[in-house]
Amino acid sequence: MSTAIETIPPAAVPARLVPRLSRWSRTGLLGLAVLVFWLFIAAAGPWILPHGSGDMSTAGVFDAISWTHWLGTDYLGRDILSRVMDGARYTVGVALAATVMACAAGTLLGLLAAVNGGWFDTVLSRLLDTLVSIPSKMLALIIVAAFGSSIPLLIVTVAVVYTPGAYRIARALAVNINAMDYVTVARARGEGRTYIMLREVLPNIAGPLLADMGLRFVYAVLLLASLSFLGLGVQPPVADWGSLVRENIGALPTGGAAVIAPALAIATLTIAVNLVIDNLPGRAQANQENR
Amino acid sequence: MNLQILRLIAGRLAVGVVSLLIVSAIVFAITGLLPGDAAQEQLGQEATPEALAALRQQMGLTQSGPERYWQWLNGLLRGNPGQSIVSSAPVADLIGSRLPNSLMLAGVTALVSVPLALLLGILSAVWRGSWFDRAASMGAVAVVSVPEFLVATLAVLVFAVHLRWLPALSYSVDISSPGQMLRSFAMPVMSLSCVIIAQMMRMTRAAVIDQLRAPYIEMVKLKGASPARIVLAHALPNAIGPIANAVALSLSYLLGGVIIIETIFNYPGIAKLMVDGVSQRDMPLVQACAMIFCAAYLILVTLADLCGIVANPRLRHQ
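Note that the structure is a prediction, hence the values are computed from the model and not measured.

1. Structural notes on the overall build of chain B
Secondary structure assignment for chain B yields 13 helices and zero strands. When the helices and strands of chain B are placed in sequence order, the string is α-α-α-α-α-α-α-α-α-α-α-α-α. Buried positions account for 37% of the 318 residues belonging to chain B. Summarising the internal contacts of chain B: among those between residues at least 6 apart in sequence, 73% fall at separations of at least 24.

Listed below in structure tokens is the structure:
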């Protein structure tokens, strides 16, 4: 069933998983720089904030941009720059954790299905296909409705939503590699399933899987931002970028930075990851051929 | 239409119905069975055991899981999905009063976005590589890679705040004139359309380019046909299947978009109802709304596949 458009990256495996900087195109480098910037802010967040992220300033609410508050203040008079920098930890952290979980689970199941085949493959594929026929936001909403939205639960929710997609890609790639002669040779040599999965198949699908993980990270960021925007994601007092947009939506009519800054933060992060994936060295050629 | 095509269609429809059944089981399992005791939740920790037992009896929690699922499914099919926990009104009434609003929003959006997206997609496929194509593709990528609420926020900023053409975040409930209705409708429809158009345009472009690259187009070109004739008489008729597929698939993005758009514009539709239900943990309401969305999604996806089957020329002429 064609429920979603999955882009399977070309099977060409780069010699190194992360190519040398000199091989990146200019657009790719730009994306990489923005991505590294946000990763740094997310990791170093608590130590480099200009103001406490919960401190209320004397400047008042929705204060304009000034030297003390570079991006103005929010609806409670808190420093927006600090709130956005602090929010990076939640947006990037939760999405990254969920993506890693989804891709690990999806890859493991995909490898198992491809290498084992048979009824295991059939049952698992049918089951996960059905999960895909629930729209991702809907699935996230009903899980949140049932279990609430603490941060660990959010991570698990988003991971569950994106596991079937990761499984599909991993299985499709692994099935191709599984049919290769060298895998048959390894089987004939008497290697066990675990060895074949981890030493023969996995290294040969790692490149495309990594690119797919980037895409899934974008989806995760978007889903989390949407959940928080609906008030069903990260709960106050902490706030990710989605909640920051929600909290400060009152600044919209005046065009205040309070609502634009977190929105732009989301946009720069997701577009940067897209740029990195589209401009991965080794994929450039494949892209050109498609044109 | 021949027998094989009918068999394929019947098979696809059956898969759709079975999927919907499994989806309903998943939805019920997540919202009804896994979270634990709904009676306990409703009464809190200090409830007396007698009150708990009485409420459990009343809510039918004493039965086994499959029995409860069966009853819930039965009620759903008969149009009686139970009672809202929060407002104690029948869920069917709550949904009934909101569903027309959402259908209207989705319908108007589809009417606006489908022709525009097809036009943009076909033009950028024909002129691929031109500045028009690059600008359109870049715009589409930008819209697709940011959350829907961002698109809506920007639309408000541009059209309501800077240009002052339209009212911003309020949806007036008392609509007296068609003009007023149009004005309060415009922002939600426009934001939602942006999202749909971006998706649909990309898919249409890909579908048409796929056809333009085929050897028969080369042949037509060699025969000296004009560019307009190549596209209109040769490429488009063959691309209709993939395009219809793309349209149905993109319309399924409406369902995700509508959740955000109804919330941001405070639009009294069923998605807003569901989001409120989720934050108040009103399970019967959430279950019913989720099933409506899942059913709509499955219908659109099935429709997309059916378009693909019917338009496949190898199956049509035998």
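2. Examining the packing of helix H10 (residues 227-264) of chain B against helix H12 (residues 283-311) of chain B
All names here are of chain B. In contact at an axis separation of 7 Å, H10 and H12 are set at 175 degrees when each is read in the N-to-C sense. Taken together, the axes of H10 and H12 are roughly antiparallel relative to one another. Only Phe 293, Ala 296, Tyr 297, Leu 300, Val 301, Leu 303, Ala 304, Cys 307, Gly 308 and Ala 311 of H12 make contact with H10, whose side of the interface consists of Ile 240, Gly 241, Ala 244, Asn 245, Ala 248, Leu 249, Leu 251, Ser 252 and Leu 255. Partitioned by chemical class, the residues of the contact of H10 with H12 number 15 nonpolar, four polar and no charged.

3. Here we look at the nonpolar core
Counting 164 residues, the largest nonpolar core has Ile 142 and Val 158 of chain A together with Cys 289 of chain B as its most contacted members. In this view, Val 158 of chain A contacts Ala 98, Ala 140, Ala 220, Leu 223 and Leu 224 of chain A; residues no more than four positions away in its chain are not counted.

4. As for the interface of chain B and chain A
Accessible area lost during the coming together of the parts is what is often quoted as the interface size. Listed as interface residues are 43 residues of chain B and, on the opposing side, 35 residues of chain A. The set of elements that each furnish at least two residues to the side of chain B that touches chain A consists of helix H1 (3-33), helix H6 (131-144), helix H7 (148-162), H10, helix H11 (270-279) and H12 of chain B. The dominant element in the side of chain B that touches chain A, judged by the number of residues it contributes, is H12 of chain B, at 10 residues. Its residues assigned to classes, the side of chain B that touches chain A shows 33 nonpolar, seven polar and three charged.

5. Describing unusual backbone geometry
Residue and element names in this part refer to chain B. Unusually for a residue other than glycine, Arg 281 sits at a positive phi of about 55 degrees. Inspection of the secondary structure puts Arg 281 in the loop between H11 and H12. Its 20 C-beta neighbours within 10 Å are what place Arg 281 among the buried residues.

6. Quick word on the environment of Gln 199 of chain B
Residues and elements named next belong to chain B. Tracing the sequence through the fold places Gln 199 in helix H8 (residues 178-212). The class for Gln 199 is buried, based on 25 C-beta atoms found within 10 Å. Gln 199 sits 111 residues away from Ser 88 along the chain, and the two C-alpha atoms are 40 Å apart. Residues in contact with Gln 199, not counting those within four places in the same chain, are Val 144, Ser 250 and Tyr 253.

7. Some words on the packing of helix H6 (residues 181-188) of chain A against helix H7 (residues 193-229) of chain A
All names here are of chain A. Across the interface, H6 lies against H7 with an axial gap of 10 Å and an inter-helix angle of 150 degrees. Our classification of the angle between H6 and H7 gives roughly antiparallel. Seen from above, H6 lies across H7 with right-handed handedness. Together, Tyr 182, Val 183, Ala 186 and Arg 187 of H6 and Ile 196, Glu 200 and Val 201 of H7 make up the contact between the two elements. For the contact of H6 with H7, the residue count by class is five nonpolar, no polar and two charged.

8. Comments concerning the confidence of the model for chain B
Residues at a pLDDT of 70 or more form 85% of chain B, whose mean pLDDT is 80. The ipTM for the predicted assembly is 0.81, set against a pTM of 0.82.

9. Observations regarding the environment of Pro 284 of chain B
Residues and elements named next belong to chain B. As for its position among the elements, Pro 284 is in helix H12. Assessed through the 23 C-beta atoms surrounding it within 10 Å, Pro 284 is described here as buried. Separated by 253 residues in sequence, Pro 284 and Thr 31 place their C-alpha atoms 8.8 Å apart. In this structure, Pro 284 is in contact with Pro 81, Gly 82, Gln 83, Ser 84, Ile 85 and Val 91, ignoring residues within four places of it in sequence.

Reading the values: rules and limits
- Residues numbered from 1 in each chain as written.
- Chains lettered and ligands numbered in written order.
- Predicted model: local features only at pLDDT ≥ 70, side-chain atom pairs only at ≥ 80, totals over all residues.
- Helix = DSSP H or I, 4+ residues; strand = E, 2+ residues; numbered from the N terminus.
- Buried ≥ 20, exposed ≤ 12 C-beta atoms within 10 Å, placed from the backbone.
- Contact = placed C-beta atoms within 7 Å.
- Axes fitted to C-alpha atoms, helices over the stretch in contact; angles between N-to-C directions.
- Parallel < 35°, antiparallel > 145°, perpendicular 65-115°, else oblique.
- Nonpolar A, V, L, I, M, F, W, Y, C, P; charged D, E, K, R; others polar.
- Core = buried A, V, L, I, M, F, W, Y, C linked by C-beta atoms within 7 Å.
- Left-handed = near helix turned anticlockwise from the far one by under 90°.
- pLDDT = per-residue confidence, 0-100.

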